[in-house]
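Understanding the architecture of this molecule
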Amino acid sequence: MCEIMASCQKEIVRLMHNYLDGELFSGEQQKLKAHLQTCNDCRQHFLELKKTIALVQSMSHIGAPERFTEEVLFALPKETRVIGIQRWIRRHPFFTAASLFLALMTGGLLSTWQQEANHFAFTKYNNLQVENDTVVVPAGEQVKGDIVVENGDIRVEGEVQGDVTVINGEQYMASAGRVTGEIEEIDEAFGWIWFKLKKAVTGVFD
Amino acid sequence: MELIVQRRIKQVLKGDQNAFGEIVELYKDKVYQICFRMLWDRHEAEDAAQETFIKAFVNIHTYDPEKKFATWLYRIATNLCIDRIRKKKPDYHLDAEIAGTEGLNMYSQVASTEELPEEAVENLELQEVIQSAIFNLPEKYRSVIVLKYIEELQLQEIADILELPLGTVKTRIHRGREALRKYLRNM
Ligand SMILES: [Zn+2]
């Protein structure tokens, strides 16, 4: 393009781009200006660059579609109360520790928790199978109701028409497995207390 | 604006989803614009923009309040768009027809010449020609051009968003501008 030589062209193009980014020293600016006055190809190149930028900047700004915010809020994951509490604990660690300690000491909950801590238990249904400490909902079977597993795992190969809650354990879903309600894993002492409290409170209102 | 946002983020962290709605209102147009200019498809852009905000909400506790919120949010948006572009590349990038060009697709343009054929130029609206020029850029140039010339961000902020060294951003902008020039010089 440039009449002089390819390396000159490359250097001048570099100066053009630095100029467009507002990053030319005054000496370089002089050099670019002087070259553009004498070289038609480079001047053409520079004008094309400036026109290109003007074209891209001329694009009209577009806004998000209607009802965008509502749809985002609707699609947000609904917070489980346990997550809400964990978040609160993170932000108020001292207060949580102090009040939790008081609750445990006065309510005697801690000793209950320690007693139950290693005890494998689950909600009984006729069609459930047990392998070691894992409760299995066999393929093709339907469990009508909620399942709670404490200190063990659950593997769902069939269908659970209700909620699945695992305390100190994990849940595994086979690809054909299905749970119509909510699946919740509770691992910490606090989550366990929350779960017991929730049961106690719902019991009161039942 | 950042001050209001910081206050709303604190409320979101306390579990207030409505406070997040205000954050969406403040940034939805900018985020949608990034997605639309990157993906050039209204439906795809809406999906990507929604995903951006959902991801921001779910990961809000990883946001560092010492840094600019917009930078963090735009990073999520550009990463999601780049992922979509990479996944779609075989059919989307080369076979997508440009509105009004009747059978002429990206592939025939890339194959024949880097410039837009004259008859296509006549058929297309100016805006569409410019958008097609941006869309034809490889995604690493497309993202810097969109952030610089459509969102009008500073080079350092673009480097922060894309987590790239400043020098790399400059080089990509230079190359992106050259590619656009070749495409648009006859306009
Ligand atoms: Zn020259």
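Residues numbered from 1 in each chain as written. Chains lettered and ligands numbered in written order. Predicted model: local features only at pLDDT ≥ 70, side-chain atom pairs only at ≥ 80, totals over all residues. Heavy atoms only, no water.

A look at the overall build of chain A
Filter applied, for reference: In this text, helices come from DSSP runs of H or I with a minimum length of four residues, and strands from runs of E with a minimum of two, each type numbered from the N-terminal end. When a residue's accessible area, from a 1.4 Å probe over protein chains only, is under 20% of the maximum for its type it is buried; when over 50% it is exposed; and in between it is partly exposed. Whether two residues are in contact is decided by their heavy atoms, any of which lying within 4.5 Å being enough. Methods summary: accessible areas were calculated by the Shrake-Rupley approach with a probe of 1.4 Å, and residue burial reflects only the protein chains presented.
The secondary structure content of chain A amounts to eight helices and 11 strands. Each of the 206 residues in chain A was classed as buried or not, and the buried ones make up 35%. Of the contacts made within chain A by residues no fewer than 6 positions apart, 28% connect residues no fewer than 24 positions apart. Accessible surface for chain A amounts to roughly 12500 Å². Of this, 56% is attributable to carbon and sulfur atoms.

Let's talk about the packing of aromatic side chains
Cut-off, in case you're wondering: When the centres of two rings from Phe, Tyr and Trp lie within 6.5 Å, Trp using its six-membered ring, the rings pair. Their planes under 30 degrees apart give stacked, over 60 give edge-to-face, and anything left gives tilted.
All told, the structure shown has 10 aromatic pairs over all chains when counted by the stated rule. Centre to centre, the rings of A:F120 and A:F122 are 5.5 Å apart; their planes meet at 40°, and the pair counts as tilted. Exposure remark for A:F120: the relative accessible area of 22% places this residue in the partly exposed category. Taken together through their ring pairs, the aromatic side chains of B:Y27, B:Y63, B:F69 and B:W72 make up a single cluster.

Some points on helix α4 (residues 68-75) of chain A
For clarity, the threshold we go by: Regarding the arc, it is the one traced by the directions from the helix axis to the C-beta atoms.
All buried positions along α4(A) are accounted for by A:F68, A:T69 and A:V72. Taken down its axis, α4(A) places every buried residue within 95° of arc, on the same side. Buried residues belonging to α4(A) abut α2 (17-39) and α3 (42-58) of chain B.

A short note on helix α3 (residues 40-57) of chain A
So the rule is basically this: To estimate the expected span of a helix, count its residues, drop one, and scale the result by 1.5 Å.
In this model, α3(A) (18 residues) spans 26 Å end to end at C-alpha, consistent with the 26 Å of a helix rising 1.5 Å per residue. Along α3(A), the residues classified as buried are A:C42, A:H45, A:F46, A:E48, A:L49, A:T52, A:I53, A:L55 and A:V56.

Focus on the environment of B:I4
Residue and element names in this part refer to chain B. Its place among the elements puts I4 in helix α1 (residues 2-13). Assessed through its relative accessible area of 41%, I4 is described here as partly exposed. Placed 22 residues apart in sequence, I4 and L26 show a C-alpha to C-alpha distance of 9.9 Å.

Section: the sheet that holds strand β2 (residues 129-131) of chain A
Residues and elements named next belong to chain A. This is how the line gets drawn: Here a strand pair is declared whenever DSSP counts at least two bridges between the two strands. Angles shown run from 0 to 180 degrees and are taken between the N-to-C directions of axes, each axis being a line fitted to C-alpha atoms and, for helices, limited to the stretch in contact.
As summarised here, the arrangement of the four strands in space is β2-β3-β6-β9, forming an open sheet in which the pairing is mixed. Of all strands in the sheet, those bounded by a partner on one side alone are β2 and β9 (171-173). When strand polarity is set aside, the average angle formed by the axes of neighbouring strands in this sheet is 20°. Examined bridge by bridge, β2 and strand β3 (residues 134-137) share three bridges and lie antiparallel to one another.

Some remarks on the pairing of strand β8 (residues 164-167) of chain A
Residue and element names in this part refer to chain A. On β8, burial covers both faces: V164 and V166 on one face and T165 and I167 on the other are all buried. The pairing of strand β5 (residues 147-150) with β8 spans four bridges and is classified as parallel. Bridge pairing in β8 links V149 to V166.

Section: the layout of surface pockets
Stated precisely, the cut-off is as follows: Think of a 1 Å grid over just the protein atoms. A cavity is a set of points where a 1.4 Å probe fits yet cannot get out, a pocket is an open set with protein on both sides within 12 Å along at least five of seven lines, and lining residues have an atom within 4 Å of a point. Grid points are joined across faces, edges and corners, and a volume is the space filled by probe spheres set on the points. Throughout this entry, Asp, Glu, Lys and Arg are counted as charged residues, while Ala, Val, Leu, Ile, Met, Phe, Trp, Tyr, Cys and Pro are counted as nonpolar. The remaining residues, Gly among them, count as polar.
Considered as a void within the structure, the largest pocket measures approximately 330 Å³ in volume. Lining the largest pocket are A:Q9, A:K10, A:V13, A:R14, A:H17, A:H45, B:H174, B:R175, B:E178, B:A179, B:R181 and B:K182. Among the secondary structure elements, those contributing two or more residues to the lining of the largest pocket are α1 (6-20) of chain A together with α10 (166-184) of chain B. Among the elements that line the lining of the largest pocket, the one with the most residues is α10(B), at six residues. Classifying every residue of the lining of the largest pocket by side-chain character gives two nonpolar, four polar and six charged.

Details of the side chain of B:R8
Residues and elements named next belong to chain B. For the record, the criterion: Nitrogen and oxygen atoms within 3.5 Å of one another constitute a polar contact, given that in protein one can donate a hydrogen and the other can accept it, and given that sequence-neighbouring residues count only through two side-chain atoms.
Topologically, R8 is positioned in helix α1. Accessibility expressed as a relative area gives 17% for R8, which makes it buried. For R8, the side chain forms a polar contact with the side chain of E22, separated by 2.7 Å. Residues contacting R8, with those up to four places away along its chain left out, are A19, E22 and I23.

Notes on the pattern of salt bridges
The condition is simple: Salt bridges are defined as contacts in which a side-chain nitrogen from Lys or Arg sits within 4 Å of a carboxyl oxygen from Asp or Glu.
Applying the stated criterion across every chain yields a total of 19 salt bridges over all chains. When the shortest N-O distance is used, the salt bridge between B:K170 and A:E23 registers 2.9 Å. Pair noted here: B:K170 is in helix α10 and A:E23 is in the loop between α1 and α2 (26-38), and the two residues belong to different chains. Accessibility expressed as a relative area gives 21% for B:K170, which makes it partly exposed. In this structure A:E23 comes out as partly exposed when scored by relative accessible area, which is 32%. B:K68 is the partner of B:E157 in a salt bridge, and the nearest nitrogen-oxygen pair spans 3.3 Å. Here B:K68 lies in the loop between α3 and α4 (69-95) and B:E157 lies in helix α9 (residues 155-162), a separation of 89 residues in the sequence. When salt bridges with common partners are traced through the structure, they connect A:E11, A:R14, A:E28 and A:K31 into a single cluster.

Some details on the confidence of the model for chain B
Residue and element names in this part refer to chain B. Put simply, the rule reads: Known as pLDDT, the predictor's confidence for each residue is given on a scale from 0 to 100.
Of the residues in chain B, 81% reach a pLDDT of 70 or more, and the chain-wide mean stands at 85. When the elements of chain B are averaged for pLDDT, helix α5 (residues 106-112) gives the smallest value, 39, and α9 the largest, 97. pLDDT under 50 marks residues 91-114. Its contacts with residues more than four places away, or in other chains, come to 48 contacts. Interface confidence for the predicted complex, expressed as ipTM, amounts to 0.79; the pTM equals 0.61.

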